[in-house]
Amino acid sequence: MNEIVQFFNILEPRNTQFGIFKFMTRLWTPKQTFILDRPCTSNELKEIVANSAYITSFIEAMKEDMGKNPILFLPTHRSYADFCVLTYLCYHYDIELPAVAAGMDFYSMAVVGQRMRETGAFYIRRTIAGAPLYAATLTQYVRTLVAKHHAPIEFFIEGTRSRSNKSLLPKYGMLSMSLVPFFAGEVSDITIVPVNFSYERIMEQTLFAYEHIGVPKPKESTGGLLKALRSLNDHFGNIYINFATPISLKETLRNENLVTSELLKPVSLQQLTLKQLAHTQHIAHEVVALQQYNTVTTITNLLSLVLMNSIMKNEPLYYEEILREVEWMIQVLKDLGASVHVKDVKNNVDRILTVHHKLVTLDRERRLRLITGDPMEVTSDVKRKMKGHVLKADTMIGAVAVIQVQIYVNPVLHHFVPPALAYLIVKRGPTDIDKLASDYHQLRKLLKREFYHIDRTEKDTFNKALEYCLRCNVLVNNGGMITVGDAKKLHFVLDWVTLPALTTTLLCQEVMIEKKRCKNKELLKLVQKRAEERARHPYCLSLEATANCLQGLVLVGALLCHKTDKDVLYELVPEVMEKCRRLVSSVLPVMQVCCGSDNLVFIRHAPVACRL
């Protein structure tokens, strides 16, 4: 017998008795479903889970699983501290210290070079071009190390430190050497572990800023290290180490036919086939994508976004405004899918202001200000060292400070760029989804070197970006035509996040249209000079950003790249370049960037001693 079910309209009282606001702000004393002597807070619940016997046993089980095949640790490379951090982490968890691939710069350092070797490091040259015997020896050593060594192997797949704090395109050499034992059947599997390091403060941030504008890095030395050790007494904040899901080479390639004629050769003579090399390259890009995906958004990233927004508006923020803006930025990034590790905003902001006391400060009115030094004399020695155009003293002072802020904005830009490009395309005029997608993918390809992504996921990335823009009222779908929405505050952020890259790309296009053919070194100087003359965003002075934009133009076929003995020669492809120029010009935000002494966010403290 069926019971008669009564349904009630629970919203009726809201419509007839009193409004929803009064209802939602009433005194609320809910009935607890499980009464305890003392309820746990959310943080206490997390701590109980983290310290539970189950999680402890699970970690131990993971450790027990080690020993069945070689393991490759592939961390991001943001600082020299990366070497120490992962080694210490292995020591902390009682894992064999990894054999680290280190640059030859460290080999000649007194004391340090030998100590690194004793902890498993091995040294490799920056380039093996023109040294076939060395290349063969290194290849054989690495594959032997993977197949025969008892410890994990660690190397940086990006090949060098990322001065921009963004993901770089992977280098294939070390990974290719490391995977040969699997393809040759020496080992049954290789486990690849991508690792992301997220720093609240990078030790080399000031040096990186100078390198961006053309000052070469100082040579590594024991004396330099000892001098740097004094700075370790300063507060550098937290380091977040995030391990991605390990990649099993065997599982990844389980559907591939790995039988080749190379298997007929003795094991030590087998080399990678073209197909195996293609697999290796694919895995390399997956590793970088996983490193990027596992980026932790820190309080430094959040404060830098808020500060850059303030710089772009030329409006200093009062302390209470800072807290509100950080809270808002946290929600924006969470909506974009970022992993945000900030619990108590006020305490974290106070802490990070201490960590970055040399870069930012609160003035007497408790407004957030960016610290710049007084103009410094650009000596002949500095001019001789500059790789790019010799910048004016005033330009360098402002640029170094802003670039340091940009270095901490960069790690989270991969969340902002897809919706930003979609918005900028629609901002120029209503469009349908097909045209929007076409221009979006063209811009993404053009900016691929500056904003790393893998092509395999780009369709899904576009769909998610469009969905986000529609959900947050950045864009509106009017019967199939996409128009701009009313999210003005978010619009402003999406305007400036891609401004330096788009501006630099346009400057590269203009110079190459004039020059037709130009060598790389000269081209970098010309673009940098033009950026300074036109007072563009200071990050447009970055030689690294300019090089990335030039490679993007090569990627879309607007430039041809010819390698010479000592340089690279770029050649214009007029029709393709003009098409790209029109596209970039059409979406480039019209924003006045004030980054000189007129910017109210800037504040000058005591003169900064220049160590160039």
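What counts, and where the lines are drawn
- Residues numbered from 1 in each chain as written.
- Predicted model: local features only at pLDDT ≥ 70, side-chain atom pairs only at ≥ 80, totals over all residues.
- Heavy atoms only, no water.
- Core = buried A, V, L, I, M, F, W, Y, C linked by side-chain atoms within 4.5 Å.
- Buried < 20%, exposed > 50% of the residue type's maximum accessible area, 1.4 Å probe, protein only.
- Helix = DSSP H or I, 4+ residues; strand = E, 2+ residues; numbered from the N terminus.
- Contact = heavy atoms within 4.5 Å.
- Phe/Tyr/Trp six-rings, centres within 6.5 Å; stacked < 30°, edge-to-face > 60°.
- Lys NZ or Arg CZ within 6 Å of the ring centre and 35° of its normal.
- Pairing = 2+ DSSP bridges.
- Polar contact = N/O pair within 3.5 Å; in protein donor to acceptor, adjacent residues only side chain to side chain.

## A word on the nonpolar core
And then number 1: Within the largest apolar cluster, 129 residues are counted, with the highest numbers of intra-cluster contacts made by Val 326, Leu 370 and Phe 416.
And then number 2: One finds Tyr 134, Leu 138, Met 177 and Phe 183 within the second-largest nonpolar core, a separate group that totals 34 residues.

## Re the environment of Ile 425
And then number 1: Note that Ile 425 resides in helix H19 (residues 413-427).
And then number 2: Spatially, the C-alpha atom of Ile 425 lies 9.2 Å from that of Leu 588, the residues being 163 residues apart in sequence.
And then number 3: Ile 425 has contacts with Leu 436, Asp 439, Tyr 440, Leu 443 and Val 587, leaving out every residue within four places of it along the chain.

## What to know about the packing of aromatic side chains
Between two aromatic rings, the relevant description is the distance of the centres plus the angle of the planes.
And then number 1: Tallied over the full model, the rule gives 6 aromatic pairs.
And then number 2: With centroids separated by 5.6 Å and ring planes inclined at 55 degrees, the aromatic side chains of Phe 122 and Tyr 141 adopt a geometry described as tilted. On the criterion of sequence distance, the pair formed by Phe 122 in strand S3 (residues 122-124) and Tyr 141 in helix H8 (residues 132-148) is long-range, its members being 19 residues apart.
And then number 3: On the basis of relative accessible area, Phe 122 is assigned to the buried category, the value being 4%.
And then number 4: On the basis of relative accessibility, which here comes to 42%, the residue Tyr 141 falls in the partly exposed class.
And then number 5: It is Lys 313 that lies over the ring of Phe 492; its NZ or CZ is 5.2 Å from the centre.

## Looking at the pairing of strand S5 (residues 191-199)
And then number 1: With respect to burial, S5 is a largely interior element, 9 of its 9 residues being buried.
And then number 2: Alternating residues of S5 divide into Thr 191, Val 193, Val 195, Phe 197 and Tyr 199 and Ile 192, Pro 194, Asn 196 and Ser 198, and every residue in both groups is buried.
And then number 3: Pairing of strand S1 (residues 71-75) with S5, which is carried by 5 bridges, proceeds in the parallel orientation. Bridged to Ile 71 within S5 is Thr 191.
And then number 4: Taken together, the 5 bridges between S5 and strand S6 (residues 239-243) define a ladder with antiparallel strand orientation. The residue of S6 that forms the bridge with Ser 198 is Tyr 240.

## Remarks on the side chain of Ser 178
And then number 1: With respect to the helices and strands, Ser 178 occurs in helix H9 (residues 173-183).
And then number 2: A polar side-chain atom of Ser 178 sits 2.8 Å from the main-chain carbonyl oxygen of Met 174.
And then number 3: Other than its neighbours up to four places away in sequence, Ser 178 contacts Leu 72, Val 142, Val 146, Phe 155 and Ile 190.

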